[in-house]
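Survey of secondary and tertiary structure
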Amino acid sequence: MTNSLEDLEQAACILVIGSNTTEAHPIVGLRIKKAVMKNDCKLIVAEPRRIRLCYYADQWIRQMPGTDVALLNGMMNVILSEGLADEEFIRERTEGFEEFKKIIEQYPPERATEICGVRPEEIRRAARTFASAPSAAIVYAMGITQHSHGVDNVISLANLAMLTGNVGKVGAGVNPLRGQNNVQGACDMGCLPNVFPGYQAVTDSQAREKFERAWGVERLPETPGLTLMEMTDAASRGEVEVLYIMGENPVISDPDVAHLKEALEGLNFLVVQDIFLTETAAYADVVLPAASFAEKEGTFTNTDRRVQRVRKAVEPPGEAREDSWIIAQVAARMGYNMGDISAPSVMEEIAGLTPSYAGISYRRLEELGELRWPCPSPDHPGTPILHVEKFTRGKGKFSPVEYRPPAEVPDDEYPLILTTGRVLLHYHTGSMTRRVQALHELDPENQVWVNPADAGRLGIQSGEEVGVESRRAAIKVRAKVTERVPKGIVFIPFHFGESPANALTNTALDPVAKIPELKVAAVRIIAGPDKDKLSFVRA
Amino acid sequence: MKHISLTIDGIEVITTPGRTILEAAAEAGIRIPTLCYDPRLEPYGSCRVCLVEVEGQGRGFLPACATPADEDMVVRTDTEKLRGIRRTIIELLLSDHPNDCMTCESAGNCELQDLAYEYGVRKPRFQGEQHHHEAIVDNPIIERDYNKCVLCGRCVRICREVQGVGVYDFANRGFEAVPGTPYNRPLTETPCEFCGQCVSTCPTGAIVSIPSKGKGRSWQVRKVRTTCAYCGCGCQIDLHVRDGRIVDVSSPLMVGPGEGNHCAKGRYGYGFVHHSDRLTTPLVRKEGELVPATWEEALGLVADRISKAVKEQGPDSVAFLASARCTNEENYLFQKLARAVVGTNNVDHCARL
Ligand code: SF4
Ligand code: SF4
């Protein structure tokens, strides 16, 4: 997030797009509700499903899944043509405006309407509310990024923020919500194929030299490695032989499970290190039992860049061990001594090599409770808002974006759009929450949400088991007939291994970020005895 | 004006404008007892426990939680008169309270019990009618026992003001008043989100968590402050540990991103830690089956197979998938293993998912 969670409360307008905030990021949801209830913030929710936040919204926009760019371009067209843009900000802090303007001029609201299904007056209203607010914040999550044009979506949001001068000030900013507790930290720590910790490029020879010296190795590899989706492809081609997975369960979280399973089976050797024998671990050649968050010391970095402590409360069960111990043991057996791997000393090593973490230490965390990066020195208080004076790369660049349709659009054969997501009481692949008795009792099984009109046409009732089939696979799941999804769209949470939503989703990738299109796939529902002819996938 | 100064119990207190007397006193280390107060909520001033004397103010008694501190105010928080008023309030509350601290889930963590203790109220002076409600257990997480309700309205207010949901409202009047759900519906049939905010604010044992019942009093547990392991909000939670097991989770107030508020996952999602499905030994595949192995064997095998692949096919035939669930330190070491030990940049994680 560019801004902080507290800061959201100060926003005069918040646009929530592609985020079911109250269920997937409940505390951010509280901040947004508070802004609305206490500070008269105008909330615009752009989301096909009727999510809880809609109750607090000034305006709810129901765009078709995968058409965000058209909607946003339409809004920006209105802002430009009605003279609502922040010209001073554009002049002083940005570049590339003229070119951007040319593209935006081609998206009058009427054209946007044809694509996204939102009426022109609604687009105008949202544009005016957003642009005329003294400060307007944008909040988004996976509903924006998990598309074959996810990067386009993100750029459009950045354009909207710059166009209205909503960058680097209180109550504004572009705020992606990180889905999992430490996604931010894993990125910061260089668990990405192209960067070392602190986003230092592996292609940069100076960066490499620094890490070579610190790690005592002669040569670090200089070409960027494979992303997750590329790894699975490489594995099916036999180019990746060994895969070592720590604490992830891609068989549930990744698209097109069949393809993934094929890749896992194609591996010569699969190591999975986890706390449970997950659906993915079941494919492993070696499973290493790890400690849970309550059984170790460390830090997580949350969605607004706060580094906070994780503390050991109980002992790991049986012979399970901390991940750091396991990693160091593997390294040792390959002839590399990782030295002191206690959490505080590893943080010291991180701080020494990662400029944005340079001022972070366990001593300071003990004292302050949290520190937000960038925190470049031991006396730096941390940074609640990014880009106050200028952008990381100097001037903010407008990049014009044209609308591109999702990789898969509904047709006669697969007439419904499937979108996936989370529910309040479960988390990610369900390996933790589904093992919590009380949460399981409250939300025991998967459901496909179907609009009453579609349900009527298909002759299905709430509670009935149906087959949902895409070009890739079919799953069996109970139907929940609800107005909360619009006609033509069905929703399935992805936490449930016995009816894995991601068996159906599309592996089409965003060309830049390599994020799969989990939020739009074409499917059909098969009810009645016909469904039994399908072969159902279970993870 | 940047600062105001006032006198509380003879001490000069400097505070910022907008603070209440209660907050100003707290800053100066003076504790004023409260019952309907929670820093997460708007001041309410209903229980009268925090009454203080302010010189020159008519009858002179003002609720400290709802009265702004003012320049040159002279406040007394602990006079005989005030103690008398507080004692009477406590006696009235206890006259309709079941007095079953012996088995009450909240004993040791109960603001009413603490007040009775501090003011030495043993037997209520007033003998009157008592409520005999049945405890309501209509869901697996939250139990309500209105016999213990002190009508502070904290549950009603937190659900409305903080959670924005508004499950409870005062139903019935006078003696029969309780913070009920609409038409007494079970919580599962209301928009309740099972966040447990109402549990966390209830000053007595009227609203308690079911999963932790009977598992440990507040003085029997060790509290370990940590970061929630679920979503990216990063709430700070206190794990309650007894006999080596996590028995409850509570919320430190005004700390971390949640400031004492959580969702059901953070507050009630700890059970997986001690689940019998946890992996307890390394497993190695032999003849198609995963079977228990020693660390020695498992680690040796992993190192050998990686080394073999590196030797035969080059380092890029090995790939690493790090974890958005693991700590920074672990992820750091993991990519170091990939880059420095194996020699590949094939390291990624599930950020995109
Ligand atoms: S658990 Fe949360 S939503 Fe439910 S009644 Fe309590 S405060 Fe309200
Ligand atoms: S308690 Fe809920 S909102 Fe807070 S970090 Fe955990 S999962 Fe997220």
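Rules of the game
Residues numbered from 1 in each chain as written. Chains lettered and ligands numbered in written order. Predicted model: local features only at pLDDT ≥ 70, side-chain atom pairs only at ≥ 80, totals over all residues. Heavy atoms only, no water. Domains from an automatic or database assignment. Pairing = 2+ DSSP bridges. Helix = DSSP H or I, 4+ residues; strand = E, 2+ residues; numbered from the N terminus. Axes fitted to C-alpha atoms, helices over the stretch in contact; angles between N-to-C directions. Contact = heavy atoms within 4.5 Å. Buried area = accessible area lost by both parts, 1.4 Å probe. Salt bridge = Lys/Arg side-chain N within 4 Å of Asp/Glu carboxyl O. Polar contact = N/O pair within 3.5 Å; in protein donor to acceptor, adjacent residues only side chain to side chain. Nonpolar A, V, L, I, M, F, W, Y, C, P; charged D, E, K, R; others polar.

Brief notes about the domain arrangement of chain B
The assigned domain composition of chain B is domain 1 (4–78), domain 2 (128–274) and domain 3 (283–350). On a C-alpha basis, the centroid separation for the pair domain 1 of chain B and domain 3 of chain B is 60 Å.

Comments concerning the sheet that holds strand β13 (residues 283–286) of chain B
Reading across from one edge, β14(B)-β13(B)-β11(A)-β10(A)-β9(A)-β15(B)-β16(B) is the order of the seven strands in this open sheet, with mixed pairing throughout. Both edges of this open sheet fall to β14 (289–292) and β16 (347–348) of chain B, since each of them pairs with a single strand only. Taken together, the four bridges between β13(B) and β14(B) define a ladder with antiparallel strand orientation. Note on β14(B): the bridge partner recorded for R285(B) is L290(B).

So, the sheet that holds strand β2 (residues 42–46) of chain A
Residue and element names in this part refer to chain A. Strand order in the open sheet made by the five strands is β3-β2-β1-β5-β6, with parallel pairing throughout. Edge positions in the sheet fall to β3 (59–61) and β6 (174–176), since each has one partner strand and no second. Going from strand to strand, the sheet's axes swing by 15° on average, the running direction of each strand aside. Alignment of strand β1 (residues 13–17) against strand β5 (residues 136–140), held across five bridges, turns out to be parallel. Its bridge partner being in β5, C13 is matched across the sheet by A136. Packed on one face of the sheet, helix α8 (residues 120–132) meets β1, β2, β3 and β5 and runs near 130° to β3. Strand contacts of helix α10 (residues 150–163): β1, β5 and β6, with the helix running at about 170° to β5, the strand carrying the most contacts.

Observations concerning the domain arrangement of chain A
The accessible area lost on association of the parts is a frequent measure of interface size. By domain assignment, chain A separates into domain 1 (6–177), domain 2 (183–372) and domain 3 (416–533). Centre-to-centre, using C-alpha coordinates, domain 1 of chain A lies 34 Å away from domain 2 of chain A.

Examining the interface of chain B and chain A
Listed per partner, the contact involves 113 residues of chain B and 146 residues of chain A. With both sides pooled, the region where chain B packs onto chain A buries about 11000 Å², and carbon together with sulfur makes up 65% of that total. Across the pair R278(B) and E295(A) runs a salt bridge whose closest N-O atoms are separated by 2.8 Å. The tally of links from chain B across to chain A stands at 60 residue pairs in polar contact (both at pLDDT 80 or more). Counting residues per element, the side of chain B that touches chain A draws most heavily on helix α8 (residues 328–342) of chain B, at 14 residues. Residues of the side of chain B that touches chain A, tallied by class, amount to 57 nonpolar, 34 polar and 22 charged. Inspection of the sheet shows strand β9 (residues 242–246) of chain A paired to strand β15 (residues 318–321) of chain B by four bridges, in the parallel sense. Bridge pairing links Y244(A) to F320(B) in β15(B).

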